[in-house]
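# Observations on chain architecture
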Amino acid sequence: MPDIDVKNVSFEYEYENKKYLALDNVSLRIQDGEFVCIIGQSGCGKSTLITLMEGLQKPLAGQILIGDKNVDGPGKDRCMVFQHYSLFAWLTAERNVIFGIKQVYPKMPKKDLDRIATDYLHKVGLEGYENKYPRQLSGGQQQRVAIARSLAMNPDILLMDEPFGAVDTKTRTELQDLLLDLCRNEEKKRTVVFITHDVDEALYLADRIIFMQPKKIRRDIQTGFGKDRKRDELTSSPEYQSLRRELIGLFYERVRDEIAEEGAYI
Ligand code: ADP
Ligand code: MG
């Protein structure tokens, strides 16, 4: 499977006749099969970067390559999961998953569609919920359907923009474990780009953490925690604690800079 190569990418928004530079000459190479978390304070350009990878927007300068192909629109090799549940309200959980699969495999026979959809709904722990509509499911269950759908679409690259940002802490922990489990146990090794502003979430999930400051990448850290990490052991380890302090320090550094720019004492 191909790498994602972000090469000298800049991006500008235009809003009420004013231009705003959201990314300034960002370069990043994500290896095939890596689980990368992008963190950084709100507004630093995380969502902009991931939508460029998805192909929904085009860079102002530079380019994004997947393998040797330039990204110039959405593709079947990539699938995005957002914070806000992107399910169709008028389709059951199963029909939502089938809808996704049909986008990628339009000619797949009905019995295979049904089998794959059921299979993935079971994998995400939703046995018995196949015929429920989104409104009959909790937020966490809806995100499980969204994960089932995106995996059933069999992408090489899973793009996730704060997918667990809107659920309670316990559900969030369960969804993190579910995602890691699915990524480790599926036959196909997918590349995951996962945005969060939660340091602990990034440390638990990622092989590599990219810390962004407004418009730029500030730090690129290989966590080195190993694939079979256990949450309790990991979070109490000195390596985890030290990386955690460093990342939290980076968040506060920005806040201090901003306060200093305003001319206030801290
Ligand atoms: P993040 O996901 O890290 O919170 P974004 O990528 O959403 O950040 O936004 C980066 C910057 O670009 C922010 O300052 C934001 O206000 C600005 N921005 C995002 N979307 C738009 C838009 N559609 N129009 C104008 N400015 C935008
Ligand atoms: Mg965002």
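See the structure printed just above.
First things first, this report covers the structure right here in the doc. (Residues numbered from 1 in each chain as written. Chains lettered and ligands numbered in written order. Predicted model: local features only at pLDDT ≥ 70, side-chain atom pairs only at ≥ 80, totals over all residues. Heavy atoms only, no water.)

## Digging into the packing of helix α3 (residues 110-123) against helix α4 (residues 139-152)
Rules: Axis definition: a line fitted to C-alpha atoms, over the contacting stretch in the case of helices. Angles run 0 to 180 degrees between N-to-C directions. Strands here are runs of E lasting at least two residues and helices are runs of H or I lasting at least four, both read from the DSSP assignment and numbered beginning at the N terminus. Every angle not falling under 35 degrees, over 145, or within 65 to 115 is termed oblique; those three ranges are roughly parallel, roughly antiparallel and roughly perpendicular. Two helices that cross are described as forming a left-handed crossing if the nearer one is turned anticlockwise from the farther one by less than a right angle, and a right-handed crossing if clockwise. Only heavy atoms matter for contacts: two residues are in contact if any of them lie within 4.5 Å across the pair. Under the scheme applied here, ten amino acids are nonpolar (Ala, Val, Leu, Ile, Met, Phe, Trp, Tyr, Cys and Pro), four are charged (Asp, Glu, Lys and Arg), and all others, including Gly, are polar.
Packing of α3 against α4 leaves a shortest axis separation of 9 Å and a crossing angle of 135°. In terms of orientation, α3 lies oblique with respect to α4. At the point where α3 passes α4, the crossing takes the right-handed sense. Where α3 approaches α4, its residues Ile-116, Tyr-120 and Leu-121 are matched on the opposing element by Val-145, Ala-148, Leu-151 and Ala-152. Split into classes, the residues belonging to the contact of α3 with α4 amount to seven nonpolar, no polar and no charged.

## Points about the sheet that holds strand β6 (residues 78-81)
Put simply, the rule reads: We treat two strands as partners when DSSP finds at least two bridges between them.
Spatial ordering of the open sheet is given by β6-β7-β8-β3-β9-β10, a layout of six strands whose pairing is mixed. Whereas interior strands pair on both sides, the edge strands pair on one side only; in this sheet they are β6 and β10 (216-222). For this sheet the average axis-to-axis angle between neighbouring strands, irrespective of direction, equals 15°. Against the sheet, helix α1 (residues 46-54) contacts β3 (35-39), β6, β7 (157-161), β8 (191-195) and β9 (208-213), and its axis sits at roughly 150° relative to β7.

## Thoughts on the site of ligand 1
Quick note on the threshold: Any residue with a non-hydrogen atom lying within 4 Å of a molecule or strand is treated as near it. Each accessible area is a Shrake-Rupley estimate made with a 1.4 Å probe; only the visible protein chains count as cover when residues are assessed.
Taken together, the neighbourhood of ligand 1 is formed by Tyr-13, Tyr-15, Tyr-20, Ala-22, Gln-41, Ser-42, Gly-43, Cys-44, Gly-45, Lys-46, Ser-47 and Thr-48. Within the complex, 64% of the 560 Å² of free accessible area of ligand 1 lies under protein. By residue number, the principal contributor to the shell around ligand 1 is α1, which donates three residues. Taken together, the residues of the shell around ligand 1 sort by class into five nonpolar, six polar and one charged.

## Brief notes about the sheet that holds strand β5 (residues 69-70)
The four strands lie next to each other as β2-β1-β4-β5, forming an open sheet whose pairing is antiparallel. What marks the edges here is a single partner per strand, and that holds for β2 (18-30) and β5. Alignment of strand β4 (residues 61-66) against β5, held across two bridges, turns out to be antiparallel. Residue Ile-66 lies in a different strand from β5, and its bridge partner there is Lys-69. Its contacts with the sheet place α1 against β1 (4-15), β2 and β4, and it is angled at close to 65° to β2.

## Concerning the pattern of salt bridges
Side-chain pairs of opposite charge can arise where the charged atoms are in close proximity. Cut-off, in case you're wondering: The salt bridge definition used is simple: a Lys or Arg side-chain nitrogen within 4 Å of an Asp or Glu carboxyl oxygen. Exposure classes here rest on a 1.4 Å probe applied to the protein chains alone. A residue is buried below 20% of its type maximum, exposed above 50%, and partly exposed in between.
Applying the stated criterion across every chain yields a total of 20 salt bridges. A salt bridge links Arg-218 to Glu-253; the nearest nitrogen and oxygen atoms lie 2.7 Å apart. Taken together, the positions of Arg-218 in strand β10 and Glu-253 in helix α8 (residues 238-261) put the pair 35 residues apart, joining distant regions of the chain. Judged by its relative accessible area of 35%, Arg-218 is partly exposed. Taking relative accessible area as the criterion, Glu-253 reaches 26% and is therefore assigned partly exposed. Three or more residues are tied together by salt bridges with common partners; here these are Asp-3, Asp-5 and Arg-29.

## Let's talk about empty space enclosed by the protein
Rolling a probe over the atoms, with the probe sized like a water molecule, indicates the empty space that remains. To keep it simple, the criterion reads: In this analysis the probe radius is 1.4 Å and the grid spacing 1 Å, with only protein atoms considered; a cavity is a set of points the probe fits into but cannot get out of, a pocket is an open set with protein on both sides within 12 Å along at least five of seven lines, and lining residues have an atom within 4 Å of a point. Grid points are joined across faces, edges and corners, and a volume is the space filled by probe spheres set on the points.
Enumeration according to the criterion identifies one cavity of 30 Å³ or more in this entry. Its boundaries defined by the atoms lining it, the largest cavity holds a volume of some 30 Å³. As for the largest cavity, its lining consists of Leu-151, Leu-182, Cys-183, Glu-186, Lys-188, Lys-189 and Arg-190. In terms of residue class, the lining of the largest cavity is made up of three nonpolar, no polar and four charged.

## Remarks on the environment of Asn-70
Take Asn-70: it is sitting in strand β5. With relative accessibility at 43%, the residue Asn-70 sits in the partly exposed group. With 79 residues separating them in the primary sequence, Asn-70 and Arg-149 have C-alpha atoms 26 Å apart. Look past the residues within four positions of Asn-70 in its chain and what remains in contact with it is Gln-63, Ile-64 and Leu-65.

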